[in-house]
Amino acid sequence: MLDRLQLVEDRYDRLNELLSDPDVINDSKKLREYSKEQSDLEETVQVYREYKEVHEQHKDAKAMLEENLDDEMYAMVKEEISELADRKEELEARLKILLLPKDPNDDKNVIMEIRGAAGGDEAQLFAGDLYKMYSRFAEAQGWKTDVIESTTTELGGFKEIIFTINGAGAYSKLKYENGAHRVQRVPTTESGGRIHTSTATVAVLPEAEEVEVDIHEKDIRVDTFTSSGPGGQSVNTTMSAVRLTHLPTGVVVSCQDEKSQIKNKEKAMKVLRARVYDKFQSEAQAEYDQNRKLAVGTGDRSERIRTYNFPQSRVTDHRIGLTLQKLEQILQGKLDEIIDALIVEEQAEAMQNAEQ
């Protein structure tokens, strides 16, 4: 591990030199690439340097015990050795986690797609609850949410809502939300007071940049049509809604949220790029699926990942067996406790695989 950490520190120092090189400064692509790499290595290098410092202090303190010390000084040195040993152990554990392979998509913005599934009106109302939950979580993180496309119901739910969440590290936290979410409650439309079980599906896609997925204009069919639903005087009068079809993959994206056709096309293109990227990435890594099935689940959108039980004010994440009696807080966007537990579980599984 220490050999690997030394290589990381050497690379970090080399990047500092490169970022001062005029040739790099004048090359925006290299400058962005090296800056990103340096930023990714910074925490690991800082922890490693602290580890080396603590290691030296620990070694020096142990050497002091060989000297002729009085009882008071001897006791002080022994206490310092114990504290330094504990700190050294903490830093070693942290470094093991920092050396784990990182998901290359973790720093990206996300595109989330929520759809009402089994349960009719109640499933669609629950889809609305999930959208509010993620919007509140994003707001608490200082991230920006932007709706791309939505199909509402008369009761105020969503058949489907697609939106972006823009913010540093958004995908690293929200990727765990991929899957089927189940709700158990008495629907507002149910006069008999019986508990119903409904589901909504959540898809979380990393936003892909143009350089990551090669989409040619000739491969996209663009259809325009009039918008439907709320939106003011322009609805049903202008051809502002846009439908994009990626002919090689059959991926279709529509957007009518904006009154401008240009803006709708830009938003639809973001989703199209993300979906095509997701499709290509999934196909390319299919042969490694078994290695990617960590304790937090496969990421399959049909996999039931969580249950929200209203009568008992309980939320259970089935992947790690975590149950919290905090339904209201979680629906208000307080997802940190669940997400942190999922991250820890995934790191533990990855460390176990690395040791094997």
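Residues numbered from 1 in each chain as written. Predicted model: local features only at pLDDT ≥ 70, side-chain atom pairs only at ≥ 80, totals over all residues. Heavy atoms only, no water.

- Looking at an unreviewed UniProt entry, one finds the protein named Peptide chain release factor 1, with Halalkalibacter okhensis as its source organism.
- In the Subcellular location (unreviewed entry) part of its UniProt record, the protein is described as follows: "Cytoplasm".
- Entered under Sequence similarities (unreviewed entry) in the UniProt record, the comment concerning the protein runs "Belongs to the prokaryotic/mitochondrial release factor family." (UniProt positions renumbered as here; feature names shortened; annotations may be inferred.)

1. Focus on the overall build of the protein
Reasoning step 1: Along the backbone of the protein there are 10 helices and 11 strands.
Reasoning step 2: By the burial criterion, 40% of the 356 residues in the protein qualify as buried.
Reasoning step 3: If you take every contact in the protein between residues at least 6 apart in sequence, the share linking residues at least 24 apart comes to 61%.
Reasoning step 4: Of the roughly 19900 Å² of accessible surface on the protein, 46% is carried by carbon and sulfur atoms. (Helix = DSSP H or I, 4+ residues; strand = E, 2+ residues; numbered from the N terminus. Buried < 20%, exposed > 50% of the residue type's maximum accessible area, 1.4 Å probe, protein only. Contact = heavy atoms within 4.5 Å. Areas by Shrake-Rupley, 256 points an atom, 1.4 Å probe, with all protein chains shown as cover.)

2. Here's the deal with the environment of Gln184
Reasoning step 1: By the element assignment, Gln184 lies in strand S4 (residues 179-185).
Reasoning step 2: Along the chain, Gln184 and Glu122 lie 62 residues apart, while their C-alpha atoms are 10.0 Å from each other.
Reasoning step 3: If near-sequence neighbours (up to four positions away) are discounted, Gln184 is found in contact with Ile195, His196, Thr197, Thr307, Tyr308, Asn309, Phe310 and Pro311.

3. Thoughts on the sheet that holds strand S6 (residues 220-225)
Reasoning step 1: Ordered in space as S6-S7-S8, the 3 strands form an open sheet in which the pairing is antiparallel. Sheet topology places S6 and strand S8 (251-255) at the edges, where each strand pairs with a single neighbour. Averaged over all pairs of adjacent strands, the angle between their axes in this sheet comes to 15°, without regard to strand direction.
Reasoning step 2: Judged from the 6 bridges that link them, S6 and strand S7 (residues 241-246) form a sheet pairing that is antiparallel. The residue of S7 that forms the bridge with Phe225 is Ala241. (Pairing = 2+ DSSP bridges. Axes fitted to C-alpha atoms, helices over the stretch in contact; angles between N-to-C directions.)

4. Digging into the sheet that holds strand S2 (residues 144-152)
Reasoning step 1: Here we have 8 strands laid out as an open sheet, ordered S2-S3-S1-S5-S4-S9-S10-S11, and mixed in their pairing. Unpaired on one side and paired on the other, S2 and strand S11 (322-324) mark the two borders of the sheet. The average undirected angle you get between the axes of adjacent strands in this sheet is 15°.

5. Some thoughts on the packing of aromatic side chains
By convention here, two paired aromatic rings are described through the distance between centres and the angle between planes.
Reasoning step 1: This model, assessed by the stated rule, comprises 4 aromatic pairs.
Reasoning step 2: With a centroid separation of 5.8 Å and an interplanar angle of 80°, the aromatic rings of Tyr131 and Phe158 are classed as edge-to-face. Of this pair, Tyr131 sits in helix H5 (residues 120-141) while Phe158 sits in strand S3 (residues 158-166), placing them 27 residues apart in sequence.
Reasoning step 3: On the basis of relative accessible area, Tyr131 is assigned to the buried category, the value being 17%.
Reasoning step 4: A residue is classified by how much of its surface remains accessible, and Phe158, at 12% relative accessible area, is buried.
Reasoning step 5: Ring plane angle 80° and centroid distance 5.8 Å describe the contact between Phe137 and Trp143, whose orientation is recorded as edge-to-face. The burial state of Phe137 is the same as that of Trp143; both residues are buried.
Reasoning step 6: Each member of the aromatic cluster is reached from another via a ring pair, and the members are Tyr131, Phe158 and Phe163.
Reasoning step 7: Lying across the ring of Phe310, Arg185 places its NZ or CZ 4.8 Å from the centre. (Phe/Tyr/Trp six-rings, centres within 6.5 Å; stacked < 30°, edge-to-face > 60°. Lys NZ or Arg CZ within 6 Å of the ring centre and 35° of its normal.)

6. A few points about the environment of Gln261
Reasoning step 1: Tracing the sequence through the fold places Gln261 in helix H7 (residues 261-284).
Reasoning step 2: In this structure, the C-alpha to C-alpha distance between Gln261 and Val242, residues 19 residues apart in sequence, is 6.7 Å.

7. Regarding the pattern of salt bridges
It is possible for side chains bearing opposite charge to pair when their charged atoms get close.
Reasoning step 1: For the structure shown, the criterion picks out 24 salt bridges.
Reasoning step 2: With its nearest N and O atoms 2.9 Å apart, the salt bridge here joins Asp13 to Arg49. Of this pair, Asp13 sits in helix H1 (residues 2-18) while Arg49 sits in helix H3 (residues 28-64), and the two are 36 residues apart along the sequence.
Reasoning step 3: For the salt bridge of Asp129 with Arg185, the shortest nitrogen-to-oxygen distance reads 2.8 Å. Separated by 56 residues along the polypeptide, Asp129 in helix H5 and Arg185 in strand S4 bring together distant segments of the chain.
Reasoning step 4: Looking at Arg185, the relative accessible area reads 11%, which means it is buried.
Reasoning step 5: Members of the salt-bridge network, linked through shared partners, are Glu9, Asp13, Arg49 and Lys52. (Salt bridge = Lys/Arg side-chain N within 4 Å of Asp/Glu carboxyl O.)

8. Observations regarding helix H4 (residues 71-98)
Reasoning step 1: Taking 1.5 Å of rise per residue, 28 residues should cover 40 Å, and H4 covers 41 Å from first to last C-alpha, within 8% of that figure.
Reasoning step 2: On the buried face of H4, the contacting elements are H1 and H3.
Reasoning step 3: A side-chain oxygen of the first residue of H4 lies 3.2 Å from the backbone nitrogen of Glu72; this N-cap is Asp70. (Expected span 1.5 Å × (residues − 1). Polar contact = N/O pair within 3.5 Å; in protein donor to acceptor, adjacent residues only side chain to side chain.)

9. Some points on the pairing of S8
Reasoning step 1: Burial along S8 is one-sided: Val251, Val253 and Cys255 are buried, while Val252 and Ser254, pointing the other way, are not.
Reasoning step 2: Taken together, S7 and the strand that follows it, S8, pair antiparallel across an intervening segment of 4 residues, in which Gly250 is found at a positive phi of about 80°.

10. Concerning the packing of H1 against H3
Reasoning step 1: With their axes 9 Å apart at the nearest point, H1 and H3 run at an angle of 130° to one another. Overall, the two elements H1 and H3 adopt an arrangement that is oblique. Regarding H1 and H3, the two cross each other, and that crossing is left-handed. Note on element contacts: H3 touches H1 through Tyr34, Glu37, Gln38, Leu41, Glu42, Thr44, Val45, Tyr48, Arg49, Tyr51 and Lys52, opposite Leu2, Leu5, Gln6, Val8, Glu9, Arg11, Tyr12, Asp13, Leu15, Asn16 and Leu18.
Reasoning step 2: Residues of the contact of H1 with H3, tallied by class, amount to 11 nonpolar, 4 polar and 7 charged. (Parallel < 35°, antiparallel > 145°, perpendicular 65-115°, else oblique. Left-handed = near helix turned anticlockwise from the far one by under 90°. Nonpolar A, V, L, I, M, F, W, Y, C, P; charged D, E, K, R; others polar.)

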